[in-house]
Amino acid sequence: MIKIGSSVLKDQAGRLSLKRLSELVRGVSCLHKKGFQLVLVSSGAIASGMQRWGFQKRPSKISELQACASLGQPFLISCYQKLLARSKIDVAQLLLTRSDLEDRTRFLNAKHTLFELLRRKALPIINENDTVAVEEIRFGDNDNLAALTTNVVDADLLILLTDQDGLFTANPTREAGATQIQLVRSVDTALVEKTGQETSHTTVGGMRSKLEACRKAAEYGIPTIIANGQEPGILQKIFAAEAVGTLFLPERDSLTARKHWIAHTLQSRGTLLLDEGACHALIDKKKSLLPSGIEEIKGSFVQGDAVDICNPQGIVIGRGLSSYSSQEIQKIKGEKTSEIEKRLGYKGPDEVVHRDDLVLT
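Residues numbered from 1 in each chain as written. Predicted model: local features only at pLDDT ≥ 70, side-chain atom pairs only at ≥ 80, totals over all residues. Heavy atoms only, no water.

A. Region of the structure containing helix α6 (residues 104–119). Look at α6: 22 Å from first C-alpha to last across 16 residues, which is about the 22 Å you get at 1.5 Å a residue. Among the residues making up α6, those that are buried are Phe 107, Ala 110, Lys 111, Leu 114, Leu 117 and Leu 118. Along the axis of α6, the buried residues cluster in a sector spanning 130°; they form a single face. Of the exposed residues in α6, the ones pointing more than 90 degrees away from its buried face are Thr 105, His 112 and Arg 119. Structurally, α6 contributes buried residues whose contacts are with β3 (91–96), α5 (98–102), β4 (123–128), α7 (142–153) and α11 (257–265). (Helix = DSSP H or I, 4+ residues; strand = E, 2+ residues; numbered from the N terminus. Expected span 1.5 Å × (residues − 1). Buried < 20%, exposed > 50% of the residue type's maximum accessible area, 1.4 Å probe, protein only. Arc of directions from axis to C-beta. Contact = heavy atoms within 4.5 Å.)

Laid out in structure tokens, this is it:
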């Protein structure tokens, strides 16, 4: 899985650089010929549309962003098609929103489509469907999209190409003494917070979003490399095991595909606040969540929705799929399982969130 950021594809004037794109396509073609199965997540659609309409900075209105994406996306894909046609590689386009991956059936349909494209040796190029996406169904940035799609294609490696050589001890554009970090064994919250967030007029995200993507991939058991996509031959150097970029190791205890989907792809529709006893049962005893341990409910949700699970201090300790609606839980919270039928008038599951549908954070 290779994510190419807008900062990689732009020239100094902020326009799409066909020279830079050609260099990256050369690397992609080289790896494709060697038998690697590649999936690209490519930014650049909005930047391409901005260029063609003369925008000097990224629009703030959603309608303008969506219009730029609509104009720029076919131009971007046509550039890929023309360049890859020289190597006789077919290009396939997939435009996704978060709701496409939240729905389990559509998630599996996307998976089957991608596997068939790879079987036929085509090159899938994925981007967020910015023309229809609104805040509620957005991935937020293509780093996040790439990390979540590693689950869809069962990727072995995630590569995030940016305009930096990798992760540094400080912002190298501001601090001369910043040094590059070659290996990161674990991405913790402190490391993510330390990086802050850098943005530009034509891109979203920054190093922080890349670290969050690395953490999501690591939890699925996938290593990630952050490298400079502006460096000539960068993909060939990575696969020749040269010391370029920063390598992030995967977690030893990785999540299953389904639990990774629950933890990171699904959006929370509500919150369950637990007592200390329930937290102990979930964390230390590896139990399911029963109604007796629930003290408070926030939000409105239905059976099967994802909910955040919090300790008494309000800190999120997990996420899971609720066996009941928020209205039903309001009636049975704090009660023993033997009281469920009396409170609801029918007998549902004993567990509000079953262990198989629960991911602890």
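B. Main features of helix α9 (residues 207–219). Taking 1.5 Å as the rise per residue, α9 with 13 residues should run 18 Å; its terminal C-alpha atoms sit 18 Å apart, in good agreement. Gly 221 sits one or two residues past α9 and shows a positive phi near 85°.

C. Representation of the pattern of salt bridges. Inspection of every chain in the model, using the stated rule, returns 15 salt bridges. When the shortest N-O distance is used, the salt bridge between Arg 120 and Glu 116 registers 2.7 Å. Since its relative accessible area comes to 58%, Arg 120 is described here as exposed. For Glu 116, a relative accessible area of 31% puts it in the partly exposed group. A salt bridge links Arg 343 to Glu 335; the nearest nitrogen and oxygen atoms lie 2.9 Å apart. If you follow the salt bridges from partner to partner, you end up with Lys 3, Asp 143 and Lys 210 in one network. (Salt bridge = Lys/Arg side-chain N within 4 Å of Asp/Glu carboxyl O.)

D. Up close: the packing of helix α3 (residues 45–53) against helix α4 (residues 62–85). Contact geometry of α3 with α4 gives a least axis separation of 6 Å together with a crossing angle of 100°. Put simply, α3 runs roughly perpendicular to α4. Residues Ala 45, Ile 46, Ser 48, Gly 49, Met 50, Arg 52 and Trp 53 of α3 form the contact with α4, whose participating residues are Leu 65, Ala 67, Cys 68, Ala 69, Leu 71, Gly 72, Gln 73, Phe 75 and Leu 76. Split into classes, the residues belonging to the contact of α3 with α4 amount to 11 nonpolar, 4 polar and 1 charged. (Axes fitted to C-alpha atoms, helices over the stretch in contact; angles between N-to-C directions. Parallel < 35°, antiparallel > 145°, perpendicular 65-115°, else oblique. Nonpolar A, V, L, I, M, F, W, Y, C, P; charged D, E, K, R; others polar.)

E. Highlighting the environment of His 260. Its location among the elements puts His 260 in helix α11. Judged by relative accessible area, which is 0%, His 260 ranks as buried. Setting aside residues up to four positions removed in sequence, His 260 forms contacts with Ala 147, Asn 151, Lys 216, Glu 219, Tyr 220, Leu 255 and Thr 265. Within the structure, the side chain of His 260 is placed 2.7 Å from the backbone oxygen of Lys 216, a separation counted as a polar contact. (Polar contact = N/O pair within 3.5 Å; in protein donor to acceptor, adjacent residues only side chain to side chain.)

F. Highlighting the sheet that holds strand β5 (residues 158–162). Within the open sheet, the 8 strands sit side by side as β3-β4-β2-β1-β5-β9-β10-β8. Their pairing is mixed. In this open sheet, the two strands that pair with only one neighbour each are β3 and β8 (183–184). Where strand β1 (residues 2–4) lies against β5, 3 bridges are found, and the strand directions are parallel. Residue pairing across strands places Ile 4 opposite Leu 161, the latter belonging to β5. The strands that α4 touches are β1, β2 (40–42), β3 and β4; relative to β3, the one it contacts most, it runs at about 155°. (Pairing = 2+ DSSP bridges.)

G. Highlighting the nonpolar core. Counting 44 residues, the largest nonpolar core has Met 1, Ile 126, Leu 158, Val 187 and Phe 248 as the members making the most contacts within it. Listed by contribution, the elements that provide at least two residues to this core are β3, α6, α7, β5, α8 (189–195), α9 and α11. Once you skip the residues sitting within four places of it in the chain, Val 187 turns out to touch Val 192, Leu 211, Cys 214, Arg 215 and Phe 248. Residues Leu 83, Leu 123, Ile 125 and Ile 159 belong to the second largest nonpolar core, which totals 31 residues. (Core = buried A, V, L, I, M, F, W, Y, C linked by side-chain atoms within 4.5 Å.)

H. Seen up close, the packing of aromatic side chains. For the coordinates displayed, the defined rule picks out 2 aromatic pairs. Seen from the ring of Trp 261, Arg 104 lies directly overhead, with NZ or CZ sitting 4.6 Å from the centre. (Phe/Tyr/Trp six-rings, centres within 6.5 Å; stacked < 30°, edge-to-face > 60°. Lys NZ or Arg CZ within 6 Å of the ring centre and 35° of its normal.)

I. Seen up close, the side chain of Glu 102. By the element assignment, Glu 102 lies in helix α5. The contacts of Glu 102, once residues within four sequence positions are left out, are Trp 261, Thr 265, Leu 266, Gln 267 and Arg 269.

J. Spotlight on the side chain of Thr 162. Tracing the chain through its elements places Thr 162 in strand β5. Looking at Thr 162, the relative accessible area reads 6%, which means it is buried. Reaching out from Thr 162, the side chain makes a polar contact with the side chain of Asp 163 at a distance of 3.3 Å. Dropping the residues within four chain positions of it, Thr 162 is found in contact with Ser 7, Val 8, Lys 210, Ile 226, Ala 227, Asn 228, Gly 229 and Gln 230.

K. Focus on the sheet that holds strand β14 (residues 316–321). Pairing within the open sheet is mixed, and its 5 strands lie in the order β12-β11-β13-β14-β15. Single-partner strands in this sheet number two, and they are β12 (294–298) and β15 (358–360). Taken pair by pair, the neighbouring strands of this sheet meet at an average axis angle of 25°, ignoring direction. Strands in contact with α11 are β14 and β15; relative to β14, the strand with the most contacts, it is inclined by about 115°. Each of β11 (271–274), β13 (306–310), β14 and β15 is contacted by helix α12 (residues 276–283), which is oriented at about 105° to β11, the strand it contacts most.

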